[in-house]
Amino acid sequence: MKNEYMKATALAPSNIAFIKYWGKKNEDLRLPVNGSISMNLSNLLTTTTVEFDPDYKKDDVIFINDDLDHSVGEKRIITHLDRIRSRAQIKVKAKVVSKNNFPSGTGLSSSASGFAALTLAASRAAGLHLFEKELTILARLGSGSACRSIPDGFTEWLSGNSSETSYAISIYPPDYWDIVDIVAIVSDDKKEVSSTEGQKLADSSAFASLRFSKINNKIKFLKQYLRVKNFTKFGELVEAEALEMHAIMMTSIPSLLYIMPESLKIMHLVKKWMTEGYEVYFTLNTGQDIHLICQEKNRGKIYQLLSEISEVKQIIVNKPSKGARLLNEHLF
């Protein structure tokens, strides 16, 4: 008879960072050079089932509807399973089945949702009942931004100076503000340089030190705009922050060019729509797909405008979302 606790399934959202991090002060612990603020996304989701079973001779990782580089993905996942096994003091091998409802490796933070879901499912399957702070620390070790996908709604990742002090918290619940994130997918192509590898180049940009010297003030201002729900100031800062991060990427050595012509077209159109009275701002993660931030009242119009652009392959509308949570139904 198998122990029931040896199998668990979790659902976790991806997130969009309003204040971003690019660069680590400790690669092994994935400690970021600066804190960040993000929002969990209701319709960019990863579902993961983990089962520990003495009958398994080796760890088995399966990606449903995904063409990730399995050799890289499996290695990171098994390393993470080892962390959880060590904490739970077990040596049992596992089967992991994971499914995304959005493209992976295109800059939509699939590693955030993926490792958040894996952390919650695997820790529970291993018999661990961790507090939220502990889960965010553990998720961070798998993928830095994954820690932000554990708490609900609008989250802040505190950079910290040690593994115990670098964790994420919820600063506002999902229903705090009725802003909308509309993702315009312009390409399913995988980026040639992963975020993990790209961040190692951050310090080579001549502008990196200037960015880091001002980032804490940025965080303070963004939290202020969130607190009073000043959408204009909030949107202007979020847009400028995305451009600044990509400027660091483009001026690193070697340069990282994640933005594609299709991305630029939408960025130009956003500026045009603003002059026509539709308040909307863009942001990007480490890829070509664009996130448009607007208020609920403009959601329908922005969706319509995006749907008229031939380069847009798919549109995904997101509201602020709960963080990682357990499900009763399993993938296998």
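Residues numbered from 1 in each chain as written. Predicted model: local features only at pLDDT ≥ 70, side-chain atom pairs only at ≥ 80, totals over all residues. Heavy atoms only, no water.

Caption draft 1: Representation of the overall build of the protein chain within the structure. On a plain count of helices and strands, the protein chain comes out with 8 helices and 13 strands. For the protein chain, the C-alpha radius of gyration of 19 Å lies close to 20 Å, the compact-globule estimate for 332 residues. For the protein chain, the spread of C-alpha atoms along the principal axes amounts to about 65 × 40 × 40 Å. Residues counted as buried form 56% of the 332 residues belonging to the protein chain. Of the contacts formed within the protein chain by residues at least 6 apart in sequence, a portion of 76% connects residues at least 24 apart. In the form shown here, the protein chain has an accessible surface area of approximately 14,500 Å², with 51% of it arising from carbon and sulfur atoms. Considering the protein chain, the positive charge centre built from 42 side chains and the negative charge centre built from 38 side chains are found 4 Å apart. (Helix = DSSP H or I, 4+ residues; strand = E, 2+ residues; numbered from the N terminus. Rg over C-alpha atoms; globule rule 2.2 N^0.38 Å. Buried < 20%, exposed > 50% of the residue type's maximum accessible area, 1.4 Å probe, protein only. Contact = heavy atoms within 4.5 Å. Areas by Shrake-Rupley, 256 points an atom, 1.4 Å probe, with all protein chains shown as cover. Lys, Arg positive; Asp, Glu negative; His and termini not counted. Charge placed at Lys NZ, Arg CZ, Asp CG, Glu CD.)

Caption draft 2: Focus on the nonpolar core. Core analysis: the biggest nonpolar cluster contains 34 residues, and Val50, Phe52, Ile77, Leu81, Val96 and Leu118 have the highest contact counts within it. Counting residues per element, the ones that place at least two in this core are strand E1 (7-19), strand E4 (36-52), strand E5 (60-64), helix H1 (70-88), strand E6 (94-100), helix H2 (110-125) and helix H3 (132-142). For isoleucine 77, the contacting residues outside a window of four places in its chain are Val61, Phe63, Val96, Phe115 and Leu118. Within the second largest apolar cluster, 28 residues are counted, among which are Met39, Tyr172, Trp177 and Phe234. (Core = buried A, V, L, I, M, F, W, Y, C linked by side-chain atoms within 4.5 Å.)

Caption draft 3: Highlighting the side chain of serine 252. Inspection of the secondary structure assignment puts serine 252 in the loop between helix H6 (231-250) and helix H7 (261-275). Judged by its relative accessible area of 6%, serine 252 falls in the buried class. Polar contacts involving the side chain of serine 252 include one to the main-chain carbonyl oxygen of proline 254, which spans 2.8 Å. Residues within four places of serine 252 in sequence aside, it is in contact with Leu201, Ser204 and Ser205. (Polar contact = N/O pair within 3.5 Å; in protein donor to acceptor, adjacent residues only side chain to side chain.)

Caption draft 4: Spatial organisation of the sheet that holds strand E11 (residues 290-295). Taken in spatial order, the 4 strands line up as E10-E11-E9-E12 in an open sheet, and their pairing is antiparallel. Every other strand in the sheet has two partners, leaving strand E10 (280-284) and strand E12 (314-318) as the edge strands with one partner each. Averaged over all pairs of adjacent strands, the angle between strand axes in this sheet comes to 25 degrees, irrespective of strand direction. Relative to E11, strand E9 (residues 179-185) runs antiparallel, the two sharing 6 bridges. Note that in E11 the partner of aspartate 181 across the bridge is isoleucine 293. Seen against the sheet, H7 touches E9, E10 and E11 and runs at an angle of roughly 160 degrees to E10. Its contacts with the sheet place helix H8 (residues 299-307) against E9, E10, E11 and E12, and it is angled at close to 5 degrees to E9. (Pairing = 2+ DSSP bridges. Axes fitted to C-alpha atoms, helices over the stretch in contact; angles between N-to-C directions.)

Caption draft 5: Up close: H8. Every buried residue of H8 is listed here: Ile302, Leu305 and Leu306. The buried residues of H8 occupy one face: seen down the axis, they fall within an arc of 100 degrees. Those residues of H8 that are buried lie in contact with E9, H7, E10, E11 and E12. (Arc of directions from axis to C-beta.)

Caption draft 6: Quick look at the pairing of E5. Burial along E5 is one-sided: the residues Val61 and Phe63 are buried and none of Asp60, Ile62 and Ile64 is. Relative to E6, E5 runs parallel, the two sharing 5 bridges. Along E6, the bridge assignment pairs aspartate 60 with lysine 95.

Caption draft 7: Highlighting unusual backbone geometry. The peptide bond linking isoleucine 253 to proline 254 adopts the cis configuration, its omega dihedral lying at -5 degrees. In this structure, proline 254 sits in the loop between H6 and H7. Positive phi, close to 50 degrees, is recorded for arginine 30, a residue that is not glycine. By the secondary structure assignment, arginine 30 is in the loop between strand E2 (24-26) and strand E3 (31-32). The backbone phi angle of serine 109 is positive, close to 60 degrees, even though this residue is not glycine.

Caption draft 8: Molecular detail of H3. Along H3, 8 of the 11 residues are buried, which leaves the element largely enclosed by surrounding structure. Restricting attention to buried positions, one finds in H3 the residues Leu135, Thr136, Ile137, Leu138, Ala139, Arg140, Leu141 and Gly142.

Caption draft 9: Region of the structure containing the pattern of salt bridges. Tallied over the entire structure, the rule returns 14 salt bridges. A salt bridge links lysine 24 to glutamate 27, with the nearest nitrogen and oxygen atoms 3.7 Å apart. Taking the relative accessible area as the measure of exposure, glutamate 27 reaches 34% and is therefore partly exposed. The shortest N-O distance in the salt bridge between arginine 85 and aspartate 59 comes to 2.8 Å. Taken as a pair, arginine 85 in helix H1 and aspartate 59 in the loop between E4 and E5 lie far apart in primary sequence, 26 residues in all. Among the charged side chains, a network of salt bridges with common partners joins Arg211, Lys218, Glu241 and Glu244. (Salt bridge = Lys/Arg side-chain N within 4 Å of Asp/Glu carboxyl O.)

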